[in-house]
Amino acid sequence: MTQGIYRIEYNRRLTADVWEMRLTGDTGAVTAPGQFINIKLEGLFLRRPISICDWDGEGITIIYKVVGRGTAALSGAEPGQDLDVLCGLGNGFDVSKCGERTVVIGGGVGVPPMYGLAKALQKAGKTPIAVLGFNKKEEIFYEDQFRALGIETTVTTVDGSYGVKGFVTDALRSSYDYFCACGPLPMLKAVYNATATSGLLSFEERMGCGFGACMGCSCKTKYGNKRICKDGPVLEKEEIIW
Amino acid sequence: MVDTSVALSGIRLDNPVIPASGTFGYGAEFAELYDINCLGTFSFKGTTLSPRFGNPTPRIAETPGGMLNAVGLQNPGVEKVIAEELPRLREIFRKPVMANVSGFSIDEYVQTCALLDKEEQVGWLEVNISCPNVHGGGMAFGSSPEAAAEVTRAVKAATKKPVYMKLSPNVTDIAAVARACQDAGADGVSLINTLLAMRIDLKTKRPLLANGTGGLSGPAVFPVAVRMVYQVYEAVDIPIIGMGGVSSAEDVIEMMLAGAAAVEVGAANLVSPFVCRDIIRDLPEAMKKYGINSLTEIIGGAHHG
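This structure is a prediction, so every number in the text was calculated from the model and none was measured.

**Q** Can you lay out the environment of lysine 156 of chain B for me, pointing to particular residues and giving the numbers?
**A** All names here are of chain B. Residue placement: lysine 156 occurs in helix α5 (residues 145–158). Residue classification places lysine 156 among the partly exposed residues on the basis of a relative accessible area of 25%. Separated by 28 residues in the primary sequence, lysine 156 and alanine 184 have C-alpha atoms spaced 8.5 Å apart. Sequence-distant contacts of lysine 156, that is, excluding residues within four places in its chain, are made with Lys161, Val163, Ala184, Gly185 and Asp187. One polar contact links lysine 156 to aspartate 187, side chain to side chain, over a distance of 2.8 Å.

**Q** I'd like to hear about the sheet that holds strand β6 (residues 82–89) of chain A, residue by residue, with values.
**A** The strands making up a sheet are joined through hydrogen bonds of the backbone, oriented either antiparallel or parallel. All names here are of chain A. Strand order around the closed barrel formed by 6 strands is β1-β2-β5-β4-β3-β6, with antiparallel pairing between neighbours. Strand-to-strand twist across the sheet, computed as the mean angle between neighbouring axes with direction ignored, equals 45°. Pairing between strand β2 (residues 18–24) and strand β5 (residues 59–65): 7 bridges, direction antiparallel. Across the sheet, the residue bridging to tryptophan 19 is tyrosine 64, located in β5. Along the sheet, helix α2 (residues 111–123) makes contact with β4 (48–55) and β5, crossing β4 at roughly 35°.

**Q** Pulling in residues and values, what's your account of helix α8 (residues 249–258) of chain B?
**A** Residue and element names in this part refer to chain B. α8 sits mainly inside the fold: 7 of its 10 residues count as buried. Those residues of α8 lying buried are Ala249, Asp251, Val252, Ile253, Met255, Met256 and Ala258. Glycine 259 sits one or two residues past α8 and shows a positive phi near 140°.

**Q** Which residues make up helix α2 (residues 78–92) of chain B, and what are the values?
**A** Residue and element names in this part refer to chain B. Taking 1.5 Å of rise per residue, the 15 residues of α2 would be expected to cover 21 Å, and the 20 Å separating its terminal C-alpha atoms lies within 8% of that figure. A maximum bend of about 35° is found in α2 at glutamate 85, where proline proline 87 lies one to four positions downstream. Within α2, burial applies to Val78, Val81, Ile82, Glu85, Leu86 and Leu89. In the core, the buried residues of α2 are packed alongside β6 (97–101) and α3 (106–117).

**Q** Break down the pattern of salt bridges for me, citing the residues and quoting the values.
**A** This structure, assessed with the given rule, holds 21 salt bridges over all chains. The partner of glutamate 9 of chain A in a salt bridge is arginine 22 of chain A, and the shortest N-O contact between them spans 3.5 Å. One end of the pair, glutamate 9 of chain A, is in strand β1 (residues 2–13); the other, arginine 22 of chain A, is in strand β2, with 13 residues separating them in the sequence. A relative accessible area of 45% places glutamate 9 of chain A in the partly exposed class. Of the charged contacts in the structure, one is a salt bridge between aspartate 278 of chain B and arginine 277 of chain B, with a shortest N-O distance of 3.1 Å. You can call aspartate 278 of chain B partly exposed: its relative accessible area is 21%. It is possible to trace a salt-bridge network through shared partners that takes in Arg277, Asp278, Arg281 and Asp282 of chain B.

What counts, and where the lines are drawn
- Residues numbered from 1 in each chain as written.
- Chains lettered and ligands numbered in written order.
- Predicted model: local features only at pLDDT ≥ 70, side-chain atom pairs only at ≥ 80, totals over all residues.
- Heavy atoms only, no water.
- Helix = DSSP H or I, 4+ residues; strand = E, 2+ residues; numbered from the N terminus.
- Buried < 20%, exposed > 50% of the residue type's maximum accessible area, 1.4 Å probe, protein only.
- Contact = heavy atoms within 4.5 Å.
- Polar contact = N/O pair within 3.5 Å; in protein donor to acceptor, adjacent residues only side chain to side chain.
- Pairing = 2+ DSSP bridges.
- Axes fitted to C-alpha atoms, helices over the stretch in contact; angles between N-to-C directions.
- Expected span 1.5 Å × (residues − 1).
- Bend = angle between axes of the 7 residues up to and from the residue.
- Salt bridge = Lys/Arg side-chain N within 4 Å of Asp/Glu carboxyl O.

Here it is as structure tokens:
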């Protein structure tokens, strides 16, 4: 983990309440897709954890949904502004555990980390496929970016206004040998039950510090107590206790 | 050259800056970030006789100028702390450490303290009789002078190490509790633990924390802590470790002027992981700015004249 100042290159709306922000700064601490950053915002005491969507040598892309005061403040931040960021938090997805044909499953704002993961899987010589779930057509983002990677991509909408009608679990038709998922808890649970292979699931929790100091985000697993921020947010399917 | 050193019960600290229990684990997470040997010492995660998972989540909430926590004393239990954490600590920290202890009965406090008494690296015992986030113990012992004195007496009989009783601000008269601890043999007192508080989620219309209530900490409580340290300094002759919302070198000086012999830094560690290193770096400059040559000399300075 590193603490640094990152400059906002752009901060743009993708849907009614989902935003994409590009931050320029040191990315040396990012070691795996699925890690997150923790952002200090003016007027708020606790930092706000946001997953890393994509990164390169120059900066980080994050995608966030405006749900509370923190993300509302983030959406008001202007290009050129500097943010105090803890970078490279959490374990992330271990690409070496993933199969040759891993299905990456994202639901809503669980989609962003799956983009960086899909790229990392490709870089490792694997052939991922993607299933992206949204409530309705207006809420879809990043479908084009996934397709631009040249990977088989299926979009589901709960109301059937686009793609496959239903949930991500209704689109797990292609054969796959491993899965990685990020999304709301009911989705993760459905994926856990619908998949026959091993896999990795990324969890969310309210955090204090984000780097393992405060025990604010602990959960029980079959491998013992874990901190979502430090020992997670990615857990193995086999260790999860619902 | 200014002198930042202080002493707690005869043990010298290079500076008065002590990360507070529950915000610093057993040191390992911060040792990855900086050399923690720059610290005066640190108070390790509240340790109980048996392992504890703590409260359900959410355990954390934002507040104006601070935060709530209701972790509920999650810790691996004293035996595992001694077997696993302390050997690891010796690798990263070469100073005496402050062992923070909690319990649910006097017997538990005594057993835990007796086990830690044998550990060479433990310099002081900080006995938490003020955790607001557990039921049947914790704060109950710190809520009355009589109960606080009873724990103090029992723990003092079980250890040769200096005992600092960590006091709750959730009482009518904290000075009376501090005096009772002193009379029962405490070597010092630590204050303040967090203030009992609550937030309610407007969307669910339920308390935000799974535990309902939590403990308030952060800059919002700093003036409350300064006031209580000031009051306790008037009431006792034993050293006070002051804490509550301390975030800067100036805050450390203010807390010492109120009467603190050393100062703990809590919530600030969670949002600024390098804050204790930075406070220690900034202290000499802040001392010069206010014409202070020795920190020891300013303890309780606000009471004179």
